Amino acid sequence: MPVSPTPLHSAAALAIDARNVGRVYKAKPNPIVALDGIDLTVRPGELFGLLGPNGAGKTTLIKILTTLLLPSSGTASVFGFDVERQTSQIRRIMNIVSGGEQSGYGLLQVREQLWMFSQFYGLGVREGWRRVDELIDLVGLQEQRVQKVSQLSTGQRQKLNFARGLLNDPWIFFLDEPTLGLDVSAARATRELTLAWQAAVPGRTILLTSHYMAEVDEMCDRLAIVDRGRILAIGTPAELKHRVQSESIFRLELDRLDRGVGALARLPGVISAASVAGNDNGADGERNTILVKLVLVDDGALGPVVSALAGLDAHIVSLQKSEPSLEDVFVELVGRGFEDDLTVHQNGTGLRSAGSRPADEESVAEELAGRSR
Amino acid sequence: MTALAEAGTRWSRQADPESTRRQSIAQVWRGFLTATRLGWQTEANWTNPVVYFLYAVCTPVFATLMLVFMIQVISGGNAPPAYRAYVVIGSGLWSFVVAGIAGLAWAVLDDRERYRMLKYLFVSPNDLLVLLLGRGLARMMVGAMGAIVTLGLGVVVLGLPLDLARIDWPVLVAAMVLGLVSIVALGLILASVAMQTRQDSWHYPEAVSGALFLIVGAVFPLNILPTFAQAFGLISPLTWWLEAVRRALFPDIQSGIGGAGSLYASLAGHDAPSGIEALLALLLTTVVVTLAAVATYRWSEHRAKERGLFDVTTGS
Amino acid sequence: MTAAKGSAERTPSAARSPFVYRPTASPEEAARWEPRRILITNVRSIAGRAYPRLIGLRREPSWILFEILLPFLTTSAFVFVYRALQSPPEYIGFVVLGGAMTAFWMNVMWMMAAQLYWEKDQGNLERYFTAPMSMMAILLGMAIGGLLMSTFRAGIVLLVGTIVYGVVFSVDQWFLLLGVFVLFLTALYGLGMMLATLFVLWGREAWHLTQIMAEPVYFVSGLNFPVARLGLFGAAALGTIPLAVGLDAIRQLAFAGSTNTGSFISPEGEALLLVAMTIVFIGLARYLLRIIERLARQDGKLITRTS
């Protein structure tokens, strides 16, 4: 059987090679452009992240790469195998786990469910049971070994999905929002598992999609920021953050800001002003204060802002200079915030974001920060 | 009136037990109507009216045809018209039973396995029982369509001797009302079962209605059955419903319950029940079945809650 | 965090990691499967998919009541119709035989035809399409799981019906009977596989088609009487519905010498018809699966839960 990778492009050894990939869904009243000419290369052994809000096109790209969807235009290959024509080869070397996945049969026990999938990947009968037990231990589902799948919690279910994803020892693992809906410890376990799996064998590749910025920042070797079907930037987290390094970012806590953050955005030297938590005005519900993120051309622009706040009858409760985050990169690139309740006012414009804020973004960030300490 | 005063008035109205009861009845009624409308939409919005009509009548018409043909095969065209009429009526009315029993059970399976809505319905202010009854009613309408068309074809094509002037309307109406209540009660029992069983139990209602078909004298008189099977038939409301409807529509038709050597005749001391007698027996058995159904349902609901069965998918 | 590793070679220490199962030197090697491995994977996938079917039965014994006892009572109802008509004894046998064979048809319609549609709704179809086995293996697994279950049900209905109603069979050609029965199963489940793929294409309409088809098929297949009595309809059923052919052939063979089993075709001819049906249905199922996969990948909806 001819299984040699098709030399679609010059770099046939790339783990992922997408050239000008477009995808349009038929819809009424207008077709939806999910991907608009994506160019992406991922090297073997990379943990590559796709970061973007809901509807950015991340899952569509994953579906194309995992042979579930055809691109409307362009070409893509996985380890040199064409996603349109060499689907069998790709399916033998990859696996996919999605957040909130419910696949399987509720009546089966954890062990049985995994064994069934092991057979789909060609493991022998006894070999399958052995491998299943090994994976159950690995993901920490020992106590649920003979529990019915329908009785698992969300976190346990995701562990089960991970075990399923590892059954065939894939060379490339597609993780589509793998920590979606998980609590802090379950999400941490998932991330640790992912990294440990990848570290075990050189060349194992992961494509991770997430809208948890801290997660992508911490885990990925490189990432692409995606919005509305287009890649806006690709690089390592450090490289991307360096793009906004030249600007000064401050986190301001105010006792009040009756005229809204828009008043600050119009000041000279202010690139953008955004309310970052609570409600539209950035009110912190617990402390009854207003939180504002200011992006300034340089530190010198802070003086006029402080003066202006005095004129607005607003008192500064705290002031902190922030290191740039991927969120800042996103705001810089897209001109709007990533999350639902992030209102960004740029000089001359006032835009509301369209994405949705994950409930535990803060906890992800805090937990990762704690881990890195 | 100030907002505060308005709120105060509203509060005092809510505090009035009579008013609260009225509101809760209105709430139950609204829930029931919504569930019926939803049931009808999920039943009917998948195709155009012509296909839907075929869908509604296909099963009862062909089930009746099967029986008519069996009679034809054996009698070689010389089947007694009275027996053919007996079979057509029983088989046509059976459409109500199949649809009524399946409606509630399928609502449970549909909402749990397909739409994943059962848990949300359960935690809504409405009683799940009321919502299921609404969903079941929608399917019952499909059954009604099948029954009417089958009986209509029986009259027009097979020459069923229907005389509108001789129909005993009061008995017919009372029997239909009680009969439908008993069918819904049986459906509720099946819904209770579906709440406990796996997704593949779609055809359980069909199996139950098929088994009931044997003991209720739908297509042959009970006296053909062994005595113990006749006893089961006599405690089923469906037996009395069919008998009452049959007698109301066709006063001269043979009784499905009595007759020479029947258990009924030996117990009652006369050959066949009158229309009123059938109606009273129907009332009694319907009350018993309905109480049993509600008790079974409550038990099932409790068990489902205990075992977390409202939000599982159970395919195999 | 490690930087891009670049190399696809495996180190000796990697082989001892619990994260490593079947080490391969490169993705290219891992993707290279010999025909034997492809075959074995598909065979194992059949067993894998049949497994939940059989486990489901063990885990929920309610099916004994609903799938054996109650259907037996339904069959009994038709026995009593014939008794009421004082029919010849073979007709009671026809009903018992028909009641047993119904088990397979019910299983094909409810647990085969409508099944892929459910798999889609539960998110399984998408996982199947990303795994390396053929979807035909999944369909076959579903079929075999259901077939074993239905054979059990049919056997009990036949056995109990024969004893309770005193049915007397008269078989001259046992091997042909067995062969026809096996062919009947392959043709019927081939039809089930084909319908399963069609039903994914048709979506919710298919679910209702399952219900629409039940009674008409029973009728035109001559479930309780020789199909030849239906004339042209019977002949048409024999040309298209495996249940009709299988029933007619088995009826002729199980009641050899009876004057009431007259048919258009001999059992041998019907065996050939079943072979042809098997080839056509399984071929169509395979063809339709390819279409589904293509359409699914084009539209992005067919195999993904959308409701």
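Note: the structure precedes this text.
Scoring rules and cut-offs
Residues numbered from 1 in each chain as written. Chains lettered and ligands numbered in written order. Predicted model: local features only at pLDDT ≥ 70, side-chain atom pairs only at ≥ 80, totals over all residues. Heavy atoms only, no water. Helix = DSSP H or I, 4+ residues; strand = E, 2+ residues; numbered from the N terminus. Buried < 20%, exposed > 50% of the residue type's maximum accessible area, 1.4 Å probe, protein only. Areas by Shrake-Rupley, 256 points an atom, 1.4 Å probe, with all protein chains shown as cover. Contact = heavy atoms within 4.5 Å. Expected span 1.5 Å × (residues − 1). Pairing = 2+ DSSP bridges. Core = buried A, V, L, I, M, F, W, Y, C linked by side-chain atoms within 4.5 Å. Domains from an automatic or database assignment. Axes fitted to C-alpha atoms, helices over the stretch in contact; angles between N-to-C directions. Patch = residues over 30% accessible without salt bridge, like charges linked within 9 Å, V, L, I, M, F, W, Y side chains within 5 Å. Salt bridge = Lys/Arg side-chain N within 4 Å of Asp/Glu carboxyl O. Buried area = accessible area lost by both parts, 1.4 Å probe. Polar contact = N/O pair within 3.5 Å; in protein donor to acceptor, adjacent residues only side chain to side chain. Nonpolar A, V, L, I, M, F, W, Y, C, P; charged D, E, K, R; others polar.

J.: Residue-level account of the overall build of chain A, with values.
T.: Per the secondary structure count, chain A includes 12 helices and 17 strands. Among the 373 residues that make up chain A, the fraction classed as buried is 60%. Of the roughly 14,000 Å² of accessible surface on chain A, 48% is carried by carbon and sulfur atoms.

J.: Can you lay out the overall build of chain C for me, pointing to particular residues and giving the numbers?
T.: Regarding its fold elements, chain C presents 12 helices and zero strands. In sequence order, the secondary structure elements of chain C are arranged as α-α-α-α-α-α-α-α-α-α-α-α. With 307 residues in all, chain C has 61% of them scored as buried. Counting only contacts in chain C whose residues sit at least 6 apart along the sequence, the fraction spanning at least 24 positions is 78%. Summed over its atoms, the accessible surface of chain C is roughly 11,500 Å², and 68% of this surface lies on carbon and sulfur atoms.

J.: Could you give me a rundown of helix 8 (residues 174-202) of chain C, with the residues and numbers involved?
T.: An α-helix turns once every 3.6 residues. As a result, residues three or four positions apart point the same way. With 29 residues, helix 8 of chain C extends 41 Å between its outermost C-alpha atoms, agreeing within 8% with the 42 Å of an ideal straight helix rising 1.5 Å per residue. One or two residues past the end of helix 8 of chain C sits C:Gly203, with phi positive at roughly 70 degrees.

J.: Run through the pairing of strand 2 (residues 32-42) of chain A, naming residues and quoting values.
T.: Residues and elements named next belong to chain A. Sheet topology places strand 1 (residues 16-25) next to strand 2; eight bridges connect them, and they run antiparallel. Pairing of Ile16 across the sheet is with Val42, part of strand 2. Adjacent in sequence and paired antiparallel, strand 1 and strand 2 are bridged by six residues.

J.: Tell me what's going on with the nonpolar core, and back it up with residues and numbers.
T.: A:Phe174 and B:Trp241 are the most contacted members of the largest nonpolar core, which has 275 residues in total. Two domains each put at least three residues into this core: domain 1 (16-240) and domain 2 (246-372) of chain A. If we ignore the near neighbours within four places in the chain, the residues touching B:Trp241 are B:Leu93, B:Phe96, B:Val97, B:Ala175, B:Met176, B:Gly179, B:Ile183 and B:Leu282. Within the second largest apolar cluster, 22 residues are counted, among which are A:Leu264, A:Leu267, A:Ala273 and A:Val305.

J.: With reference to specific residues and values, describe unusual backbone geometry.
T.: With the exception of glycine, the majority of residues adopt a negative phi angle, and the majority of peptide bonds are in the trans configuration. All names here are of chain A. In this structure, the amide linkage connecting Lys28 to the following residue, Pro29, adopts the cis form with an omega of 5 degrees. Although it is not a glycine, Thr67 adopts a positive phi angle of roughly 70 degrees. Take Thr67: it is sitting in the loop between helix 1 (58-65) and strand 4 (73-78). Backbone geometry at Asp169 places phi at a positive 55 degrees, although glycine is not the residue there. Within the fold, Asp169 resides in the loop between helix 5 (154-166) and strand 7 (172-176).

J.: Lay out the sheet that holds strand 10 (residues 230-235) of chain A with the relevant residues and their values.
T.: Residue and element names in this part refer to chain A. Taken in spatial order, the six strands line up as 6-7-8-3-9-10 in an open sheet, and their pairing is mixed. Every other strand in the sheet has two partners, leaving strand 6 (94-98) and strand 10 as the edge strands with one partner each. Sheet twist, expressed as the mean angle between neighbouring strand axes with direction ignored, is 15 degrees. Where strand 9 (residues 222-227) meets strand 10, five bridges bridge the pair, whose relative direction is antiparallel. In the sheet register, Ile225 faces strand 10, and the bridge partner there is Ala233. Set on the sheet, helix 6 (residues 184-200) makes contact with strand 3 (47-51), strand 7 and strand 8 (205-210); between it and strand 8 the angle comes to about 160 degrees.

J.: Account for a nonpolar patch on the surface, with residues named and values stated.
T.: Residues and elements named next belong to chain B. Together, Ile276, Leu280, Leu283, Val287 and Leu291 give the surface a local cluster of nonpolar side chains, amounting to about 480 Å² of exposed area. Within the secondary structure, Val287 sits in helix 12 (residues 275-307). The exposure class of Val287 is partly exposed, given its relative accessible area of 44%.

J.: Before we move on, can you summarise the sheet that holds strand 1 of chain A with the specific residues and values?
T.: Residue and element names in this part refer to chain A. With antiparallel pairing, four strands are arranged side by side in an open sheet as 2-1-4-5. The outermost strands of the open sheet, each flanked by one partner alone, are strand 2 and strand 5 (81-82). Two elements, strand 4 and strand 5, share two bridges in a ladder whose sense is antiparallel. Across the sheet, Ser77 pairs through a bridge with Asp82, a residue of strand 5.

J.: Account for the interface of chain A and chain C, naming residues and giving values.
T.: At the junction of the two partners, chain A supplies 70 residues and chain C supplies 63 residues. When chain A packs against chain C, close to 5,600 Å² is buried across both sides, 59% of that on carbon and sulfur atoms. Joining chain A to chain C, the criterion identifies six salt bridges. The interface formed by chain A and chain C includes 25 residue pairs in polar contact (both at pLDDT 80 or more). Elements that contribute at least two residues to the side of chain A that touches chain C include exactly strand 1, helix 2 (87-93), strand 6, helix 3 (110-120), helix 4 (125-139), helix 6 and helix 7 (213-219) of chain A. Among the residues forming the side of chain A that touches chain C, the class breakdown is 36 nonpolar, 15 polar and 19 charged.

J.: If you had to explain helix 8 (residues 204-215) of chain B to someone new, which residues and values would you point to?
T.: Between its terminal C-alpha atoms helix 8 of chain B stretches 17 Å, which fits the 16 Å expected from 12 residues at 1.5 Å a residue. All of the buried residues in helix 8 of chain B are B:Tyr204, B:Pro205, B:Ala207, B:Val208, B:Ser209, B:Gly210, B:Ala211, B:Leu212, B:Phe213, B:Leu214 and B:Ile215. The secondary structure elements touched by the buried residues of helix 8 of chain B are helix 3 (49-75), helix 4 (81-114), helix 7 (169-196), helix 9 (227-234) and helix 10 (237-249) of chain B together with helix 3 (62-84) of chain C. B:Gly217 sits one or two positions beyond helix 8 of chain B and adopts a positive phi of about 70 degrees.

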